[in-house]
Amino acid sequence: MYKVLAVTAMASAVLAGNARPRDTYEAAFADHVQKFGLQFKDGAEFVARLQIFADNYDAIEAHNNGNSSYKMAVNKFSHMTLSEFQSATHTGGLRPPMLRKNNKVLAAPADVSALPASVDWSTTGAVTPVKNQGSCGSCWSFSATGAMEGAYWVKYGKSVSLSEQQLVSCDTVDLGCNGGWMDDAFTFAQQNGGLCSEADYAYVSGSGANPACKSTCSEVANSAPSGFVDVTPGNVNALMAAVAQQPVAVAIQANQASFQSYSSGVLTGRCGQNLDHGVLAVGYGTWTDGTPYWKVKNSWGPDWGSDGYILIQRDDSDLCGILDAASYPTY
């Protein structure tokens, strides 16, 4: 009884400075805890998480009350501070090379007007359902398999979900849950004779574990790429040309509060260009307010963002560094 009273007293004190009445946060946090199955070691941790949640709740409301092209919402990361979110391996999973060496580079087309006004591969069989990397810095593997799945569908007209776990556990050039690079993953798949299917080699590293490579599955027929192409960095038209033909692996900076709480609309403003996260550009278009965007598939599960996707402003500002290191496999 005394412990309950102590926790209640602490909760009353820590929420005193927030914008809404205490019961608003307590009710929302109770729903949050139940929805995501959160557990706390003691009352003090519960109160600390409640305060973090309330602060994030206020920040989200303040943002949504402003004049912004995108909205935020409470999600599975809302009980984390920004620094905790940044260090939880949802970002930081890239290991870019010092110098990209590839004799195949896609330049901007001479006639930009020939490009379609909008593209969305996610409405076709080229893009598999949104996956979840969990607490493992394996974003690079999800970005790579997404690009290979898209290229395979374009080439063969068949939708296939490829194994990220095979890349995480077997690609020794990359570092599993400690990061990797999409071009290296394409090279591994090429030299390995392709990748196994998701069904035959399921992803198990969501908790951060990295089990030894297994060789009991069979690679999907014709899934070995013939090579890969890098997109000319910093060029909007070059990336549009690439995405017009297939989904494209891209690197971005995602360790931002805007990503932690993103919900809908087109992300604009500042988000940095220190590449730390591999994702998949699946399309582009123009939002209802006239803002051009890239449509990007993330690997944080369908319960993040807009059903697992985010729209990022498409222009020469190179928002989030999305133009800096795009590539795609060839078949």
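Criteria and thresholds
- Note that residues are indexed from 1 along each chain, following the sequence as it is written.
- Given that the model is predicted, a residue must reach a pLDDT of at least 70 before its local features are reported, and side-chain atom pairs must reach 80 or more before they are shown or counted; all residues, however, enter totals for whole chains, interfaces and linings.
- Each side-chain value is worked out from all heavy atoms of the structure, with water and hydrogens disregarded.
- Numbered from the N terminus, helices here are DSSP runs of H or I no shorter than four residues, and strands are runs of E no shorter than two.
- The globule rule is 2.2 Å times the number of residues to the power 0.38, and the radius of gyration it is compared with is taken over C-alpha atoms.
- Relative accessibility under 20% of the residue-type maximum defines a buried residue, over 50% an exposed one, and the middle range a partly exposed one, all with a 1.4 Å probe and only protein chains included.
- Any pair of residues with heavy atoms lying within 4.5 Å of one another is described as a contacting pair.
- Throughout, nonpolar core names a set of buried Ala, Val, Leu, Ile, Met, Phe, Trp, Tyr and Cys residues whose side chains join them through atoms within 4.5 Å.
- Axis lines are fitted to C-alpha atoms, over the contacting stretch for helices. Their N-to-C directions set the angle, which ranges from 0 to 180 degrees.
- These descriptions rest on fixed angle ranges, namely under 35 degrees for roughly parallel, over 145 for roughly antiparallel, 65 to 115 for roughly perpendicular, and the rest for oblique.
- Working rule for handedness: look at the near helix, and if it is turned counterclockwise from the far one by less than a right angle, call the crossing left-handed; if clockwise, right-handed.
- Ring geometry is summarised as follows: Phe, Tyr and Trp rings, the Trp one being its six-membered ring, pair when their centres sit within 6.5 Å, and such pairs are stacked at plane angles under 30 degrees, edge-to-face over 60 and tilted between the two.
- Definition used: whenever NZ (Lys) or CZ (Arg) falls within 6 Å of the ring centre and also within 35 degrees of the ring normal, the charge is taken to sit over that ring.

Student: In this structure, what is going on with the overall build of the protein? I would like to understand it.
Tutor: Across its full length, the protein carries nine helices and 10 strands. Against the compact-globule benchmark of 20 Å for 331 residues, the protein has a radius of gyration of 21 Å, which places it among compact chains. Expressed along its principal axes, the backbone C-alpha trace of the protein runs to roughly 65 × 50 × 35 Å. Considering the protein as a whole, with its 331 residues, one finds that 51% of them fall into the buried category. When contacts within the protein are restricted to residue pairs at least 6 apart in sequence, those whose partners lie at least 24 apart make up 76%.

Student: So what exactly am I meant to see when it comes to the nonpolar core here?
Tutor: Across soluble globular proteins, nonpolar side chains show a tendency to be buried alongside one another. Counting residues in each nonpolar core, the largest one holds 82 residues, and the members touching the most others are Leu-239, Phe-259, Trp-294, Ile-312 and Ile-322. In terms of nonpolar packing, the next biggest core, distinct from the first, is built from 10 residues, Phe-29, Leu-38, Leu-50 and Phe-53 among them.

Student: Just to check I follow, could you spell out the packing of helix α5 (residues 139–156) against helix α7 (residues 182–192) for this structure?
Tutor: Two packed helices can be described by the angle between their axes and the distance between those axes. Direction vectors running N to C along α5 and α7 enclose 60°, while the axes themselves pass 9 Å from each other. With respect to α7, the axis of α5 lies oblique. Both α5 and α7 take part in a crossing whose hand is right-handed. Across the interface between the two elements, Trp-140, Ser-143, Ala-144, Ala-147 and Met-148 of α5 pack against Met-182, Ala-185, Phe-186 and Ala-189 of α7.

Student: Which parts of the structure should I look at to understand the packing of aromatic side chains?
Tutor: Here a ring pair, both rings aromatic, is described through the centre-centre distance and the interplanar angle of the planes. Under the defined criterion, the tally for this structure stands at 20 aromatic pairs. Taking the centre distance of 6.5 Å and the plane angle of 75° together, the rings of Tyr-156 and Tyr-331 count as edge-to-face. With Tyr-156 in helix α5 and Tyr-331 in the segment after β10 (327–330), this residue pair connects regions lying 175 residues apart in the sequence. Each member of the aromatic cluster is reached from another via a ring pair, and the members are Tyr-25, Phe-29, Phe-40, Phe-46, Phe-53 and Tyr-57. Of note, Lys-214 hangs over the ring of Tyr-201, and the distance from its end group to the ring centre comes to 4.8 Å.

By themselves, these observations are geometric and do not establish any function.
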